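# Coordinates in review
The chain contents come next:
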Amino acid sequence: MRIHLITPSPSRARGGNWATAARWARILRDLGHRVRVTRDYHGEPADLMVALHAWRSAEAIDRFANESPSRPLVVALTGTDVYRFLHSHPGPTLRSLERARVLVGLHDLVDQALPAEFRTKVRTIRQSAPPGLPHRPATRSFRVCVAGHLREEKDPLQPAYAVRDLPATSRLVVDHFGAAHTPDWGETALAEAAVNPRYRWHGEVPRHRVRQAFARSHVLVLPSRMEGGANVISEAIMADLPVIASRIHGSIGLLGEDYPGFYPVADTDALRRLLLQVESDPDLYAFLQEACRALRPLFTPERERENWAALLRDLSAARDSDSSSAGR
């Protein structure tokens, strides 16, 4: 099958939409399909389109749907689609949802945020990650890893604020990896590092540096205000790195309602208390670690590959059924 995969991110971008598109392209090629990855669509021959981002890819979605109305269209929903653009830019976003044969959600609660008429279209495909490096946390400090770009949706400096003015007995240190979305964000991070000796901003680094940081860290903190199903959770779990996350749908839908490592969104004091508890209580740390290990089967590359294979089988069966009905 010829599959055209649309992603709004430039190929030079690390993480985010481009990393997702690149991984999906590998999976689809491994399944025997020909895959073309671009930022837009201009009528190239395709049996199927997979468009990442309902709003940012809306024009490509429209062109494909208009030129190939009988061919299946899969739209993968990002966090900004579901939790921002569905409300701020409803026209093109809703039109993409209407035109999609299938909506791919990256966590289990995506359907709850959609209008009722679209919920039956949703298929959950969690993002996977390969096994991490052997987990050998640092011994002289209790290292908190933050892996995410500095932009509003991520609430990226919340972990830095949480480790200000801690007791001298605490060994908590925050290592933050990720590019600044704007110069202002970079200046703010540098200013925080200048006055907060427990916070270090490393900027954007290659993936192998992040994998090494995971191996040396004690916990990952994901402080986001909105997420569509963050791949960094998959990566941490596969690296045996316990996760602490803000209680948002995008993280609850990956970790489960009863996961013990949540704190209220943007609540600095609550995050500070939780970090100090995890640092000082080996039983709580072990509990978090076991909770994450129990989730590992959900995030393996094999699981993600099988979910895509099942989706394509269903689309092929539906196409064959439509062809058979049309021939009667």
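The notes below deal with the structure included here. (Residues numbered from 1 in each chain as written. Predicted model: local features only at pLDDT ≥ 70, side-chain atom pairs only at ≥ 80, totals over all residues. Heavy atoms only, no water.)

### Considerations on the state of the cysteines
Applying the stated rule across the entire model yields 0 disulfides. Looking at the unpaired Cys145, the closest cysteine sulfur is the one in Cys292, lying at 14 Å. Residue classification places Cys145 among the buried residues on the basis of a relative accessible area of 0%. (Disulfide = S-S within 2.5 Å. Buried < 20%, exposed > 50% of the residue type's maximum accessible area, 1.4 Å probe, protein only.)

### Remarks on the pairing of strand β5 (residues 102–105)
Residue alternation in β5 divides its side chains into two sets, Val102 and Val104 and Leu103 and Gly105, and both sets are buried. Of the strand pairs in this sheet, strand β4 (residues 73–76) and β5 are connected by 3 bridges, and their pairing is parallel. Bridging from a neighbouring strand, Ala76 pairs with Val104 of β5. Summarising the sheet, β5 and strand β6 (residues 122–124) pair through 3 bridges and their orientation is parallel. Counted as the bridge partner of Leu103 is Val122 from β6. (Helix = DSSP H or I, 4+ residues; strand = E, 2+ residues; numbered from the N terminus. Pairing = 2+ DSSP bridges.)

### Notes on the packing of helix α2 (residues 58–67) against helix α4 (residues 90–99)
Taken N-terminus to C-terminus, the directions of α2 and α4 make an angle of 40°; their axes are 10 Å apart at the nearest point. Crossing geometry of α2 relative to α4 is assigned as left-handed. Here α2 contributes Ala58, Ile61, Asp62, Ala65 and Asn66 to the contact with α4, which in turn contributes Pro92, Arg95, Ser96 and Arg99. Here the residues of the contact of α2 with α4 are counted per class, giving 4 nonpolar, 2 polar and 3 charged. (Axes fitted to C-alpha atoms, helices over the stretch in contact; angles between N-to-C directions. Left-handed = near helix turned anticlockwise from the far one by under 90°. Contact = heavy atoms within 4.5 Å. Nonpolar A, V, L, I, M, F, W, Y, C, P; charged D, E, K, R; others polar.)

### Considering the packing of aromatic side chains
In total, this model carries 5 aromatic pairs according to the counting rule given. Their ring planes at 75° and their centres at 5.5 Å tell us that Tyr41 and Phe64 sit as a pair that is edge-to-face. With Tyr41 in the loop between β2 (34–38) and β3 (48–52) and Phe64 in helix α2, this pair connects stretches of sequence that are 23 residues apart. For Tyr41, a relative accessible area of 2% puts it in the buried group. Both rings, one in Trp55 and one in Phe85, keep their centres 4.1 Å apart while their planes meet at 25°; by these two values the pair is stacked. Highlighted residues: Trp55 in the loop between β3 and α2 and Phe85 in helix α3 (residues 79–88), separated in sequence by 30 residues. A relative accessible area of 6% means that Phe85 is categorised as buried. (Phe/Tyr/Trp six-rings, centres within 6.5 Å; stacked < 30°, edge-to-face > 60°.)

### Remarks on the sheet that holds strand β7 (residues 142–147)
The strand order across the open sheet built from 6 strands is β9-β8-β7-β10-β11-β12, with neighbouring strands paired in parallel fashion. Pairing within the sheet leaves two strands with one partner each, and these edge strands are β9 (199–203) and β12 (262–263). Sheet topology note: the β7/strand β8 (residues 172–177) ladder contains 6 bridges and is parallel. Within β8, the residue paired with Ala147 across the bridge is Phe177. Contacting β7, β10 (219–222) and β11 (243–246), helix α8 (residues 231–238) runs over the sheet at an angle of about 170° to β10.

### Regarding the environment of Tyr161
Among the structural elements, Tyr161 can be located in helix α5 (residues 158–162). Expressed as a C-alpha distance, the spacing of Tyr161 and Arg198, which sit 37 residues apart in the sequence, is 9.7 Å. Ignoring sequence-local partners within four residues, the contact set of Tyr161 consists of Glu192, Thr268 and Arg272.

### Some words on the packing of α3 against α4
Following both chains from N to C, one finds α3 and α4 inclined at 120°, their axes separated by 6 Å at the closest point. It follows that α3 is oblique to α4 by the angle criterion. Taken together, the residues of α4 that come into contact with α3 (itself represented by Asp81, Phe85, Leu86, His87 and Ser88) are Pro90, Thr93, Leu94 and Leu97. Residues belonging to the contact of α3 with α4 are distributed by class as follows: 5 nonpolar, 3 polar and 1 charged. (Parallel < 35°, antiparallel > 145°, perpendicular 65-115°, else oblique.)

Taken by themselves, the reported measurements are silent on function.
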